[in-house]
Amino acid sequence: MYDYDLLVVGSANADLVIGVERRPAAGETVLGSDLAVHPGGKGANQAVAAARLGARAALLARIGDDAYGRLLLDAQRDAGVDTAGVLVGGAPTGVALITVDPSGDNSIVVSPGANGRLAPGDVRAARGLLRASRVVSAQLEIPLETVVEVVRSLPSGTRFVLNASPPRPLPAELLAACDPLIVNEHEARVIAGGKPGGAPEDRAAGLLALGPRSVVVTLGAEGALVATGDAMSRVPSPTVEAVDTTGAGDAFTAALAWRLGLGSPLPDAAARAARVGAAVVTRPGAQASFPTAGEVDALCGSPAP
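The residue count restarts for each chain, going from 1 along the sequence in the order it is written. Where totals are concerned, whole chains, interfaces and linings use all residues; where local detail is concerned, this predicted model gives features only for residues with pLDDT of at least 70, and gives and counts side-chain atom pairs only at 80 or more. In computing side-chain properties, one takes all heavy atoms of the structure into account and sets aside hydrogens as well as water.

### Here we look at helix 8 (residues 200–208)
Then step 1. When we look at burial in helix 8, the residues that qualify are Pro200, Arg203, Ala204, Leu207 and Leu208. Seen from one end, helix 8 has its buried residues packed into an arc of 135 degrees, which puts them on one side.
Then step 2. Contact partners of the buried residues in helix 8: strand 10 (181–184), helix 7 (185–192), strand 11 (214–218), strand 12 (224–228) and strand 13 (232–235). A 1.4 Å probe rolled over the protein chains alone gives each residue an accessible area, and that area as a share of the maximum for its type sets the label: buried under 20%, exposed over 50%, partly exposed in between. Secondary structure elements follow DSSP: runs of H or I of four or more residues count as helices, runs of E of two or more count as strands, with numbering from the N terminus. Directions are taken from the helix axis to each C-beta atom, and the arc is the one they span. Here, two residues are considered to be in contact whenever any of their heavy atoms come within 4.5 Å of each other.

As structure tokens, then:
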């Protein structure tokens, strides 16, 4: 019935990565490693991560007619992603400036470029892609009105997953379609409001009160919290040695969305996604670190039946 297990609507960036001993303070200059350029962007990352795991994946995004755009297209095609929905032109390809410290933690500044030109009209023109997809996922590195148009254009029966990153207040129409809304603890606080601190369960309850059908709060090395109107449960993450956390959240989202499309219950899909995210942090880079299903099982053990 469906041509694609997952259609990702989102951003495509060139990641410019520098390793640093520590992040600079205001007004300070620090020396870093040689510059590395990788294909990235939350949308492009999630499409590649899903395809590497075995999903039939497609990407709806906008890139520039430039060298970074060609790098991104080549990476998608090499991973097996259908790029029929990748639009070219309107602005230079988006760029993410990423610093990575010795612990593997990263800080990111994004120049949206062509991502900011992915418009609601582009979504309406791609309704054939939406109709052909079992699950549609989006993030917030593209205009909010474009993400809202995705929800308005969803065919009946198609599941919508939103990775609300970078976080911002969300309209009720968008929240009501999320199944699930995926956030980390910082994003949960921004969207739900409230003071720093507090239990993730409280954050999840606050998010559910805003209207999404389900919520997943990622907790880094501690796994994730899954919340629905009926129950909350924690999903652990395998213990691994982190090298670089870049792309781990994107791989988690991709794995979860794909498994939901295959019919897995949300807690089971989140458990699989936590294993994928753990595998990602053991390698440097974003898309270069995304594992196959066999690599996840080899590192983290075979999934429970």
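### Looking at the pairing of strand 11
Then step 1. By the criterion of burial, strand 11 is predominantly enclosed, with five of the five residues buried.
Then step 2. By the alternation rule, side chains of strand 11 split into Ser214, Val216 and Thr218 and Val215 and Val217, which are all buried.
Then step 3. Here, a strand pair is defined by DSSP locating no fewer than two bridges between the strands. One ladder, built from four bridges, connects strand 10 with strand 11; its direction is parallel. Following the sheet pairing, asparagine 184 is matched in strand 11 by threonine 218.
Then step 4. Sheet topology note: the strand 11/strand 12 ladder contains five bridges and is antiparallel. Note on strand 12: the bridge partner recorded for valine 216 is valine 226.
Then step 5. In this structure, the hairpin formed by strand 11 and strand 12 is closed by a connection of five residues, where glycine 220 is found at a positive phi of approximately 65 degrees.

### Quick notes on the pattern of salt bridges
In a structure, side chains of opposite charge can pair up when their charged atoms sit close to one another.
Then step 1. One speaks of a salt bridge when a side-chain nitrogen belonging to Lys or Arg is within 4 Å of a carboxyl oxygen belonging to Asp or Glu. Under the criterion given, the structure shown has 15 salt bridges.
Then step 2. For the salt bridge of aspartate 297 with arginine 275, the shortest nitrogen-to-oxygen distance reads 2.8 Å. Of the two residues, aspartate 297 sits in helix 11 (residues 293–300) while arginine 275 sits in helix 10 (residues 266–280), which places them 22 residues apart along the sequence.
Then step 3. Through salt bridges with shared partners, a single ionic network connects Arg124, Arg127 and Glu149.

### Focus on helix 2 (residues 67–79)
Then step 1. By this rule the span expected of a helix is its residue count minus one, scaled by 1.5 Å. Taking 1.5 Å of rise per residue, 13 residues should cover 18 Å, and helix 2 covers 19 Å from first to last C-alpha, within 8% of that figure.
Then step 2. Listing the buried residues of helix 2 in full gives Gly69, Leu72, Leu73, Ala75, Gln76 and Ala79. On an axial view of helix 2, the arc spanned by its buried residues comes to 160 degrees, and they lie on one face.
Then step 3. Check the buried side of helix 2 and you find it contacts strand 2 (13–19), strand 3 (36–40), helix 1 (42–53), strand 4 (57–63) and strand 5 (82–88).

### Points about the packing of helix 10 against helix 11
Then step 1. Note on geometry: axes are C-alpha line fits, over the in-contact stretch for helices, and angles between N-to-C directions span 0 to 180 degrees. For the pair helix 10 and helix 11, interaxial distance at closest approach is 9 Å and the crossing angle is 85 degrees. Judged on the interaxial angle alone, helix 11 and helix 10 are roughly perpendicular. Taking contact as the criterion, the partners of Arg272, Arg275, Val276, Ala278 and Ala279 in helix 10 are, on helix 11, Ala293, Val296, Asp297, Leu299 and Cys300.
Then step 2. Any residue that is not Ala, Val, Leu, Ile, Met, Phe, Trp, Tyr, Cys, Pro, Asp, Glu, Lys or Arg is counted as polar, Gly included; the first ten are nonpolar and the last four charged. Considering only residue class, the contact of helix 10 with helix 11 consists of seven nonpolar, no polar and three charged. Geometric relationships in this document are graded by angle, where less than 35 degrees denotes roughly parallel, more than 145 denotes roughly antiparallel, 65 to 115 denotes roughly perpendicular, and other angles denote oblique.

### A word on the pairing of strand 2
Then step 1. With five of seven residues buried, strand 2 lies mostly within the body of the structure.
Then step 2. Across five bridges, the pairing between strand 2 and strand 3 is antiparallel. What sits directly across from aspartate 15, in strand 3, is histidine 38.
Then step 3. As paired elements, strand 2 and strand 6 (residues 94–100) share seven bridges and run parallel to each other. Residue pairing in the sheet places valine 17 in a bridge with isoleucine 98 of strand 6.

### Regarding the sheet that holds strand 6
Then step 1. With mixed pairing, four strands are arranged side by side in an open sheet as 3-2-6-7. The two strands at the open ends of the sheet, each matched to only one other strand, are strand 3 and strand 7 (106–111). The sheet shows a mean angle of 25 degrees between the axes of neighbouring strands, taken without regard to direction.
Then step 2. Against the sheet, helix 2 makes contact with strand 2, strand 3 and strand 6, and its axis sits at roughly 60 degrees relative to strand 3, the strand it touches most.

### Describing the environment of methionine 232
Then step 1. Tracing the sequence through the fold places methionine 232 in strand 13.
Then step 2. Among the residues examined, methionine 232 registers a relative accessible area of 36% and is labelled partly exposed.
Then step 3. For the pair formed by methionine 232 and valine 110, sequence separation is 122 residues and the distance between their alpha carbons is 33 Å.
Then step 4. Setting aside residues up to four positions removed in sequence, methionine 232 forms contacts with Glu201, Ala204, Ala205, Leu208, Leu225, Val226 and Ala227.

### Structural notes on the nonpolar core
Then step 1. Counting residues in each nonpolar core, the largest one holds 47 residues, and the members touching the most others are Leu59, Val81, Val216, Phe252 and Leu256.
Then step 2. If you list the elements that add at least two residues to this core, you get strand 1 (4–9), helix 1, strand 4, helix 2, strand 12, helix 9 (248–261) and helix 10.
Then step 3. The element contributing the most residues to this core is helix 9, with nine residues.
Then step 4. Those residues in contact with leucine 59, other than ones at most four positions away along the chain, are Leu7, Val8, Gly43, Ala44, Ala47, Gln76, Val81, Asp82, Gly85 and Val86.
Then step 5. Residues belong to a common nonpolar core when they are buried Ala, Val, Leu, Ile, Met, Phe, Trp, Tyr or Cys residues joined through side-chain atoms within 4.5 Å. If you look at the next biggest cluster of nonpolar residues, it comprises 41 residues, including Leu60, Leu118, Ile142 and Leu170.

### Quick word on the packing of helix 1 against helix 9
Then step 1. The geometry of helix 1 relative to helix 9 is characterised by a closest axis approach of 8 Å and an angle of 55 degrees between their N-to-C directions. Regarding the angle of helix 1 to helix 9, the classification is oblique. The way helix 1 lies across helix 9 gives a crossing that is right-handed. Listed contacts from helix 9 to Lys42, Asn45, Gln46, Ala49, Ala50 and Leu53 of helix 1 are Asp250, Ala251, Thr253, Ala254, Ala255 and Trp258. We call a crossing left-handed when the near helix sits turned anticlockwise from the far one by less than a right angle, and right-handed when that turn is clockwise.

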